[in-house]
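Inside the fold
As a plain string of letters, each chain reads:
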Amino acid sequence: MHDVVHVKPVCPSPGGTTVRAVRRGMPSFGKGPVPVPPQSGVAPSLVAAAMGLCNAWGPYEQTGVTVGHVIVLAIAPVCLTVAWRWRMARWNVILVCFWLLASAFTEIMADDSVHDAILALSRPFSVLVSFCGAMWALQRTRSVVRAYGVTFVAGLILNVYIFLRSNPSVDSWKYGYGPVVSLAVVLLAFVLLGRQKRSAAVLLVISMALVNLFQGFRSEFLIVCVAGAVTLLAGRRGPRSDWKRVVPVVVGLISLAVVVPNAYGYLASSGRLGIEQQYRWERQSRVDGGVLVGARPEIAASYVIVKESPIVGRGFTPEVSYRTRSEFLGKLQAGDVDFNERRENYYFGKGLYLHSVLFQLWTETGMAVIPGILLPVLFVLLALVAAVREGSRPYALLFAFLCSQLAWDLLFSPWPRLEGLYLGTAAAAAVLYLGSWSRSGPASAA
């Protein structure tokens, strides 16, 4: 596609002015929906606030299903109707539903317990319901969107607080407040950028990166740094071609990838960041592949598990043969200088534990998980590219953060408790941003 379309986006700019967009070569997922005036009144704001705040409590803490999802189910026909008007949203709903059905089929074939089956189904369910709920809330009036955004973050923080109270031994920043507080700071910086308060926004992002660094949350430090770098390089500077805006961003990210590890290595190895980070750096820097990849040998070894049942999957708590265990652990031992046999219980003590959302779910559910979990991340990536090309710093910051966070979890983290909420809500925001430019002209949100 190389057509040029001048239209107004669905989502207004954070500062309140409407952005004129020039769209060249972006992938088209079809026309936007027929414009429908947003509903006004107090009721939508109250419903949106309840949806966000009620994410604080949930019956299935491990997979992130919350009372907020129950509220979305109560208005499911409305949410699904609003989402179905967008072609990109339809594809997302269909593929996540396919993931849900495939999970059910695998659980039946694997003869898992009812408890395990519910946990397996909860993951695609939380993504689907979060997506539909956010599609409804983010297309309302500005006051509704504001109420939803504030209570969404508040609900997540309360969720973390309740979780940590019952798990006091858990690292409260890395496995609790870190990702949520980083999201809250990014959203606040998003608003400040929209109001042209760039210095305050930059100070917030830098402060958040440093807090993560000194708390030892290295992945979140890198994620915030990437989001900040994209934002600084994405601003509109004169009548340049949109692709010429992408070049400095790519160069800046490459420079960041070189500078940050070396700077962090110097600080960590010298003990300036504490004994724990000094030990972790010294241990991981000697691993083949470096700190980023070499220190996560599960990624290279996961195919040993996946290849035994790549199509259908093996269930929520699969049994792993001694031969497969030996091959998997052999791959780890070959690339990890800190390998010890006690780690076998870490990976196989309760079924199977792979340190990657993608490979963990692929092993459990089969190949059906791949399109359902990758399409939302692809939407966020396309929204980031669109924001950079249009020179929108607020949206570049938001989608750079979300894309980095989701991509990291996808490859290098076990399923986070709130992953379904993050993935579904981020996908909805990306779909609306991408769908704000329609080949048929202006398309307003419902």
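Here the structure is a predicted model, which means the values were calculated and not measured. (Residues numbered from 1 in each chain as written. Predicted model: local features only at pLDDT ≥ 70, side-chain atom pairs only at ≥ 80, totals over all residues. Heavy atoms only, no water.)

1. Some thoughts on the overall build of the protein
Formally: Secondary structure elements are taken from DSSP: a helix is a run of H or I of four residues or more, a strand is a run of E of two residues or more, and numbering for both begins at the N terminus. Three exposure classes are used, based on accessible area relative to the maximum for each residue type with a 1.4 Å probe and protein chains only: buried under 20%, partly exposed in between, and exposed over 50%. The contact definition used throughout considers only heavy atoms, calling two residues in contact when any of these lie within 4.5 Å. In this description, accessible areas are obtained by the Shrake-Rupley approach with a 1.4 Å probe, and a residue is regarded as covered only by the protein chains that are shown.
Along the protein, the regular secondary structure elements total 19 helices and two strands. When burial is assessed residue by residue, the protein has 53% of its 446 residues classed as buried. Looking at the protein alone, contacts between residues at least 24 apart form 73% of all its contacts between residues at least 6 apart. In the structure as shown, the protein presents an accessible area of about 20,200 Å², 65% of it carried by carbon and sulfur atoms.

2. With respect to the environment of Trp362
Here Trp362 shows up in helix H16 (residues 357-365). Given a relative accessible area of 18%, Trp362 falls into the buried group. Trp362 has contacts with Val306, Pro310, Gly313, Met367, Val369 and Ile370, leaving out every residue within four places of it along the chain.

3. Topic: the nonpolar core
Defined as follows: Joining through side-chain atoms within 4.5 Å is the link that ties buried Ala, Val, Leu, Ile, Met, Phe, Trp, Tyr and Cys residues into a set, and such a set is a nonpolar core.
One finds Phe131, Met135, Phe328, Ile373 and Phe399 to be the most contacted residues of the largest nonpolar core, which totals 113 residues. If we skip the residues at most four places from it in the chain, Met135 touches Val82, Ala83, Trp86, Ala89, Ala428, Val431 and Leu432.

4. Examining H16
In terms of burial, H16 is largely enclosed, as nine of its nine residues are buried. Of the residues trailing H16, Gly366 is marked for its positive phi of about 100°.

5. What about empty space enclosed by the protein?
What counts here: Only protein atoms enter the 1 Å grid used here, on which a cavity is any set of points holding a 1.4 Å probe that cannot leave and a pocket is any open set flanked by protein within 12 Å on both sides along at least five of seven lines; residues with an atom within 4 Å of a point are listed as lining. Grid points are joined across faces, edges and corners, and a volume is the space filled by probe spheres set on the points. Asp, Glu, Lys and Arg are counted as charged, while Ala, Val, Leu, Ile, Met, Phe, Trp, Tyr, Cys and Pro are counted as nonpolar; the rest, among them Gly, fall into the polar class.
Summed over the entire model, instances satisfying the criterion amount to two cavities of 30 Å³ or more. Looking at the second largest cavity, the residues that line it are Met51, Asn55, Gly68, His69, Val72, Val129, Ser130, Gly133, Tyr148, Leu421 and Thr425. Contributions of two or more residues to the lining of the second largest cavity are made by helix H2 (67-74), helix H5 (114-137) and helix H19 (419-434). Classifying every residue of the lining of the second largest cavity by side-chain character gives five nonpolar, six polar and no charged.

6. Description of the confidence of the model for the protein
Worth spelling out the cut-off: The predictor reports its confidence for every residue as pLDDT, a score running from 0 up to 100.
Per-residue pLDDT for the protein has a mean of 80; in total, 76% of the residues score no lower than 70. In this model, residues 1-31 is a region of pLDDT below 50 whose contacts with residues beyond four sequence positions or in other chains number 86 contacts. Counting interchain partners and residues more than four positions distant, the pLDDT-below-50 stretch residues 438-446 has 35 contacts.

7. Side note on the packing of helix H8 (residues 198-214) against helix H9 (residues 218-234)
Test applied: Angles here are taken between N-to-C directions and fall from 0 to 180 degrees, while the axes themselves are lines fitted to C-alpha atoms, restricted in helices to the stretch in contact. Should an angle lie under 35 degrees it is considered roughly parallel, over 145 roughly antiparallel, and from 65 to 115 roughly perpendicular; all remaining angles are considered oblique. The crossing is said to be left-handed when, going from far helix to near helix, the turn is anticlockwise and less than a right angle, and right-handed when the turn is clockwise.
Between H8 and H9, the shortest axis-to-axis distance is 8 Å and the interhelical angle comes to 160°. Of the possible angle classes, the one that applies to H8 and H9 is roughly antiparallel. The handedness of the crossing between H8 and H9 comes out as left-handed. Between H8 and H9, the residues in contact are Val202, Val205, Met208, Ala209, Asn212 and Leu213 and Glu220, Phe221, Val224, Cys225, Gly228 and Leu232, respectively. Of the residues that constitute the contact of H8 with H9, the class distribution is nine nonpolar, two polar and one charged.

8. Describing the pattern of salt bridges
Here is the rule we go by: Salt bridge, as applied in this entry: a Lys or Arg side-chain nitrogen positioned within 4 Å of an Asp or Glu carboxyl oxygen.
Counted under the stated rule, the structure contains two salt bridges. Residue Arg123 is joined to Glu364 by a salt bridge in which the shortest nitrogen-to-oxygen separation is 2.8 Å. Residue Arg123 is located in helix H5, and its partner Glu364 is located in helix H16; the two are separated by 241 residues in the primary sequence. Exposure class is identical for Arg123 and Glu364. Each is buried. Between Lys307 and Glu327 there is a salt bridge; the shortest N-O distance is 3.1 Å. Remark: Glu327 occurs in helix H14 (residues 322-335) and Lys307 occurs in the loop between helix H13 (298-306) and H14; sequence separation between them is 20 residues. Residue Lys307 is classed as partly exposed on the basis of its relative accessible area, which comes to 45%.

9. Brief notes about a nonpolar patch on the surface
Selection rule: Residues form patches when they are more than 30% accessible in relative terms and have no salt bridge. Like charges link within 9 Å. Nonpolar side chains (Val, Leu, Ile, Met, Phe, Trp, Tyr) link within 5 Å.
Residues Leu53, Trp57, Val67, Val70, Leu158, Tyr161 and Ile162 make up a contiguous nonpolar surface patch of roughly 580 Å² in combined accessible area. Among the elements that line the nonpolar patch, the one with the most residues is helix H6 (residues 142-166), at three residues. We classify Trp57 as partly exposed; its relative accessible area is 42%.

10. Looking at the packing of aromatic side chains
For the record, the criterion: Any pair of Phe, Tyr and Trp rings, taking the six-membered ring for Trp, is counted once the centres come within 6.5 Å. Such a pair is stacked with planes under 30 degrees apart, edge-to-face with planes over 60 apart, and tilted for the rest.
A full pass over the atoms with the stated rule returns eight aromatic pairs. For the ring pair Tyr395 and Phe399, a centre distance of 6.2 Å and an interplane angle of 20° mean the geometry is stacked. In this pair, Tyr395 and Phe399 are both assigned in helix H18 (residues 393-412), four residues apart and thus about one turn of the helix distant. A relative accessible area of 1% places Phe399 in the buried class.

11. Side note on helix H17 (residues 369-390)
Because each turn of an α-helix spans 3.6 residues, side chains separated by three or four positions end up pointing in the same direction. Condition: Helix span, expected: 1.5 Å multiplied by one less than the number of residues in the helix. The bend reported for a residue corresponds to the angle between axes fitted to the seven residues ending at that residue and the seven starting there.
With 22 residues, H17 should cover 32 Å at 1.5 Å per step; its first-to-last C-alpha distance of 32 Å lies within 8% of that length. Along H17, the largest kink reaches about 25° and is centred on Leu375; proline Pro376 follows within four residues of it. With 17 of 22 residues buried, H17 is to be regarded as a mostly interior element. In the segment just after H17, Gly391 is the residue with positive phi, at about 75°.

12. Describing a positive patch on the surface
The cut-off we apply is this: When charges are tallied, Lys and Arg are placed among the positive residues and Asp and Glu among the negative ones, while His and the ends of the chain are skipped. We put the charge of a Lys on NZ, of an Arg on CZ, of an Asp on CG and of a Glu on CD.
A cluster of basic residues, Arg142, Arg146, Arg195 and Lys197, forms a positive patch on the protein surface. Along the chain, Arg146 falls in helix H6.

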